[in-house]
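# Summary of the model geometry
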Amino acid sequence: MRRFSKSFTQQEAIPDTAIDAAVAVMRSGRLHRYNLAEGEQGETALLEQEFAASLGVPYAMACASGGYALQLALRACGLEAGDKVLCNAFTLSPVPGSIVAAGGEPILVDILDDTTVDPADLARAADESGARFFMLSHMRGHIGDMSAIMQVCDSRDITVIEDCAHTMGASYDGKPSGTFGKVGCFSTQTYKHINSGEGGLLACSDDEVMRRAIILSGSYMLYDRHLAAPDAASFDVTRLMTPNMSGRMDNLRAAILRPQLADLQQRKSRWNALYSSMEAGLKGLRGVSLIARFPQEDFVGSSIQFGLEGWGKEKISHFIAGCEARGLPVKWYGKPLPEDYTSRYDSWSYLDNNRPLPNADRVLSTLCDLRLPLTFDVDDCGDIVILIKDALHDSRTLLSVAS
Ligand SMILES: *Cc1c(COP(=O)(O)O)cnc(C)c1O
């Protein structure tokens, strides 16, 4: 059997400019973000400044991880223990995890066929629960109907925090993802759009929320060393009223990230070339339904999803095994038990969800997912499509003969 030989978890090397910058930080010995020489601004503060500029917002802050940024954003927006937080039923486990870590209670919201949040169910869940927060996840890079979503939230005075782990560099109707809500949270973990192993970024335009986020992140009284922050004199009250929940980024990671951030638009076009090639190849394959995209959506195609509508569990299991035999680690959200990064809301047994989520159940039961690392090229995508076609064909014929 023909096999695809490249690894779906192999990212590109860190660029030489980033390696040189990282080595310079190590040679200096000043890895802690606030450990600066006379007149030095520091890699972390510069990264924040450049990131804020890339989104067109005044403030940004770097921290330990994307999940940490989400927790911090909730606290900075005033979440109190026991507060309910709306959250997409289809998201990654660190999202409900961050709500619980911040002391909140996740209220799951159903999704549409395109995997984005259902604005009608969002309104229902908001009215039933009285939640004052919504953690909106742009899961796997899919941005939902932002005008409908924001209308539901604005009309109810719900604070929106965006989880942009897969939408760094993306926008909706010309507005960058992460600038719709009160806070936008990003991840710089290896599988996201810029890679520092671990890391998070948080973007915001609200003075008080940003002051709190900075103190929460563990700035001590060194917040005047930030370059994308409210005026240091304005911290007088906040600095004494806010606990230090230590989770800073360091200069080494920031040094690795700055050249990658500068190259983000370039990476985005490379990702989208892979995505378009996969999409064109999968389109029209019998049984495969691609996820519709809003015309307003300017996404980063770093992964691709498709459904196998009408296929039962046995047939999909057979297909997944056929893909694995061909070197394709297709992730399936309908697997009975969570595996790798594909846990489903019903695997989070620590939640006591009592909302019916019929669309999420139906859509996730056949939803498949493939990462598209930049170590692949368009020819690789062509090979992947042929192998998927073979696996689809095998599952169809074998199982129809068997039955
Ligand atoms: C990766 C990811 C996160 C969390 O990011 P970490 O940096 O790994 O903590 C949150 N939400 C989604 C959708 C993600 O994919």
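Look above for the structure.
Now for a look at the structure at hand.

The rules we used
Residues numbered from 1 in each chain as written. Predicted model: local features only at pLDDT ≥ 70, side-chain atom pairs only at ≥ 80, totals over all residues. Heavy atoms only, no water. Near = heavy atom within 4 Å. Polar contact = N/O pair within 3.5 Å; in protein donor to acceptor, adjacent residues only side chain to side chain. Areas by Shrake-Rupley, 256 points an atom, 1.4 Å probe, with all protein chains shown as cover. Helix = DSSP H or I, 4+ residues; strand = E, 2+ residues; numbered from the N terminus. Nonpolar A, V, L, I, M, F, W, Y, C, P; charged D, E, K, R; others polar. Contact = heavy atoms within 4.5 Å. Pairing = 2+ DSSP bridges. Axes fitted to C-alpha atoms, helices over the stretch in contact; angles between N-to-C directions. Phe/Tyr/Trp six-rings, centres within 6.5 Å; stacked < 30°, edge-to-face > 60°. Buried < 20%, exposed > 50% of the residue type's maximum accessible area, 1.4 Å probe, protein only. Lys NZ or Arg CZ within 6 Å of the ring centre and 35° of its normal.

### Comments concerning the site of the ligand
Near the ligand lie 15 residues; those nearest to it are G66, G67, D163, S187 and K192. Within the contact set of the ligand, an oxygen atom lies 2.9 Å away from a side-chain nitrogen or oxygen of Q189. A distance of 2.9 Å separates an oxygen atom of the ligand from a polar side-chain atom of K192. Against a free-state accessible area of 380 Å², the protein chains account for coverage of 93% of the ligand. Of all the elements in the fold, those that place two or more residues in the shell around the ligand are α3 (66-76) and α4 (94-101). Across the shell around the ligand, the residue classes break down as five nonpolar, eight polar and two charged.

### Re the side chain of S129
Position of S129 relative to the elements: it lies in helix α5 (residues 119-129). From its side chain, S129 meets the backbone oxygen of A125 in a polar contact 2.7 Å long. Those residues in contact with S129 that lie beyond four places of it in its chain are K84, L86 and I107.

### Some words on the sheet that holds strand β5 (residues 159-163)
Strand order in the open sheet formed by seven strands is β1-β9-β8-β5-β4-β2-β3, and the pairing between neighbours is mixed. Lying at the two open borders of the sheet, with one neighbouring strand each, are β1 (59-63) and β3 (105-109). The mean angle between the axes of side-by-side strands here comes to 20°, regardless of whether they run parallel or antiparallel. As paired strands, strand β8 (residues 183-187) and strand β9 (residues 200-204) are joined by five bridges and run antiparallel to one another. Following the sheet pairing, G184 is matched in β9 by A203. Packed on one face of the sheet, α3 meets β1, β2 (84-88), β4 (133-137), β5, β8 and β9 and runs near 165° to β8. Its contacts with the sheet put helix α7 (residues 207-216) on β1, β8 and β9, and the angle it makes with β1 is roughly 20°.

### As for the packing of aromatic side chains
A full pass over the atoms with the stated rule returns eleven aromatic pairs. Ring geometry for F4 and F376: centres 5.2 Å apart, planes at 75°, overall edge-to-face. In this pair, F4 sits in the segment before α1 (16-28) while F376 sits in the loop between β14 (367-371) and α13 (378-402), placing the two residues 372 residues apart along the sequence. An angle of 85° between the planes, with centres 4.9 Å apart, marks the rings of F8 and F376 as edge-to-face. Separated by 368 residues along the polypeptide, F8 in the segment before α1 and F376 in the loop between β14 and α13 bring together distant segments of the chain. Neither residue differs from the other here; F8 and F376 are each classed as buried. In this structure an aromatic cluster arises from ring pairing among F4, F8 and F376. The ring of F180 carries K175 above its face, with NZ or CZ at 5.2 Å from the centroid. Looking at R293, its charged tip hangs above the ring of F299, at a distance of 3.7 Å from the centre.

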